[in-house]
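# Remarks on the overall topology
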Amino acid sequence: LGAKVDAYAAAVEELTRLKKEYEQALAQVQPKLQAAPNPSPFNKLSAQQSELASGQQQMESAAQGEEFEQALQQANDLGTKVDAYTAAVEELTRLKTEYEQALAQLQPKLQSAPNPSPFNKLAPQQAELASGQQLMESAATSEDFEQALQQANDLGTKVDAYTTAVDELKKSKESYEQALAQLEP
């Protein structure tokens, strides 16, 4: 009987230790879980956010069933997952902001660029602007803000070159027309 009492006391002690460890881990992970954006501000991260919610439910269920070793493991896993999710949200938010700033500078240039091109010679450059704009918008819609930012930067360079080429051709055309007017009787 004494051996059974000792075994029971050891089991209770082990369970108490595991519960305490779980509660300490929970105290660290709980604020992170509460601070994590829910629902996810980005569709591409909604699966990660759902994983956090289901992980939290499994952890709480294990703790209620006094499976503290399993609950502790899940709390530690959740801590890692919530850190990764939060970092991904912050990174996408940063990239989205950079893209939106680049787009704000690009938009007036795109709108003021002659469309259709006043010169057949520049029609391919103008078409490139239109397709580049579609690629940029498509990347932004799919929340690939890094790609959208790259497209916006490329478009900025291309629209500047196109606008400069249009201006140069207009000046050349005006010079030609002035010279022609002087030659005609």
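Keep in mind that this is a model prediction, so the values were computed, not measured.

### Section: the pattern of salt bridges
Per the stated rule, a full pass over the model turns up 10 salt bridges. One salt bridge connects glutamate 14 with arginine 17, and the closest N-O pair in it is separated by 2.5 Å. A residue pair is termed a helical-turn pair when its members lie 3 or 4 positions apart in one helix, as glutamate 14 and arginine 17 do in helix α1 (residues 2-35) at 3 residues. Given a relative accessible area of 35%, glutamate 14 falls into the partly exposed group.

### Some remarks on the packing of α1 against helix α3 (residues 68-112)
Interaxial distance between α1 and α3 falls to 8 Å at its minimum, and their mutual angle equals 20 degrees. Taken together, the axes of α1 and α3 lie roughly parallel to each other. As for the relative orientation of α1 and α3, their crossing is left-handed in sense. Contacts between α1 and α3 involve Leu15, Leu18, Lys19, Glu21, Tyr22, Ala25, Val29, Lys32 and Leu33 from the first element and Phe68, Glu69, Ala71, Leu72, Ala75, Asn76, Leu78, Gly79, Val82 and Asp83 from the second. Classifying every residue of the contact of α1 with α3 gives 12 nonpolar, 2 polar and 5 charged.

### A short note on the environment of serine 117
Here serine 117 shows up in the loop between α3 and α4 (123-141). In this structure, the C-alpha to C-alpha distance between serine 117 and lysine 44, residues 73 residues apart in sequence, is 38 Å. Excluding its chain neighbours within four sequence positions, the residues that come into contact with serine 117 are Leu122, Ala123, Gln126 and Tyr162. Looking at serine 117, its side chain comes within polar contact range of the main-chain oxygen of phenylalanine 119, at 2.8 Å.

### Overview of the side chain of glutamine 49
With respect to the helices, strands and loops of the structure, glutamine 49 is situated in helix α2 (residues 46-64). On the accessibility criterion, glutamine 49 (11% relative accessible area) is buried. Glutamine 49 has contacts with Pro37, Asn38, Ser40 and Tyr85, leaving out every residue within four places of it along the chain.

### Topic: the packing of aromatic side chains
If you walk through the whole model with that rule in mind, you get 3 aromatic pairs. Look at phenylalanine 42 and phenylalanine 145: their rings are 6.1 Å apart centre to centre, the planes differ by 65 degrees, and that puts the pair in the edge-to-face class. Residue phenylalanine 42 is found in the loop between α1 and α2, and its partner phenylalanine 145 is found in helix α5 (residues 145-183); the two are separated by 103 residues along the sequence. Linked through ring pairs, Phe42, Tyr99 and Phe145 together constitute an aromatic cluster.

### A short note on the nonpolar core
By size, the foremost hydrophobic cluster in this structure holds 42 residues, and its most contacted members are Tyr22, Leu52, Tyr99, Leu106 and Phe145. Elements supplying a minimum of two residues to this core: α1, α2, α3, α4 and α5. Top element by residues in this core is α3. It accounts for 14 residues. When sequence neighbours within four positions are dropped, the list of residues in contact with leucine 52 reads Leu33, Ala36, Leu78, Lys81, Val82 and Tyr85.

### A look at α4
Helix length check: α4, at 19 residues, gives a terminal C-alpha distance of 27 Å against a target of 27 Å (1.5 Å per residue), a fit within 8%. Among the residues making up α4, those that are buried are Gln126, Leu129, Gly132, Met136, Ala139 and Ala140. The buried residues of α4 occupy one face: seen down the axis, they fall within an arc of 145 degrees. Away from its buried face by more than 90 degrees, α4 exposes Pro124, Gln134, Leu135 and Thr141.

### So, the side chain of glutamine 74
With respect to the secondary-structure elements, glutamine 74 resides in helix α3. The buried category is assigned to glutamine 74, whose relative accessible area is 14%. Setting aside anything within four residues of it in sequence, one finds glutamine 74 in contact with Gln58, Met59 and Ala62.

Calculation rules
- Residues numbered from 1 in each chain as written.
- Predicted model: local features only at pLDDT ≥ 70, side-chain atom pairs only at ≥ 80, totals over all residues.
- Heavy atoms only, no water.
- Salt bridge = Lys/Arg side-chain N within 4 Å of Asp/Glu carboxyl O.
- Helix = DSSP H or I, 4+ residues; strand = E, 2+ residues; numbered from the N terminus.
- Buried < 20%, exposed > 50% of the residue type's maximum accessible area, 1.4 Å probe, protein only.
- Axes fitted to C-alpha atoms, helices over the stretch in contact; angles between N-to-C directions.
- Parallel < 35°, antiparallel > 145°, perpendicular 65-115°, else oblique.
- Left-handed = near helix turned anticlockwise from the far one by under 90°.
- Contact = heavy atoms within 4.5 Å.
- Nonpolar A, V, L, I, M, F, W, Y, C, P; charged D, E, K, R; others polar.
- Polar contact = N/O pair within 3.5 Å; in protein donor to acceptor, adjacent residues only side chain to side chain.
- Phe/Tyr/Trp six-rings, centres within 6.5 Å; stacked < 30°, edge-to-face > 60°.
- Core = buried A, V, L, I, M, F, W, Y, C linked by side-chain atoms within 4.5 Å.
- Expected span 1.5 Å × (residues − 1).
- Arc of directions from axis to C-beta.

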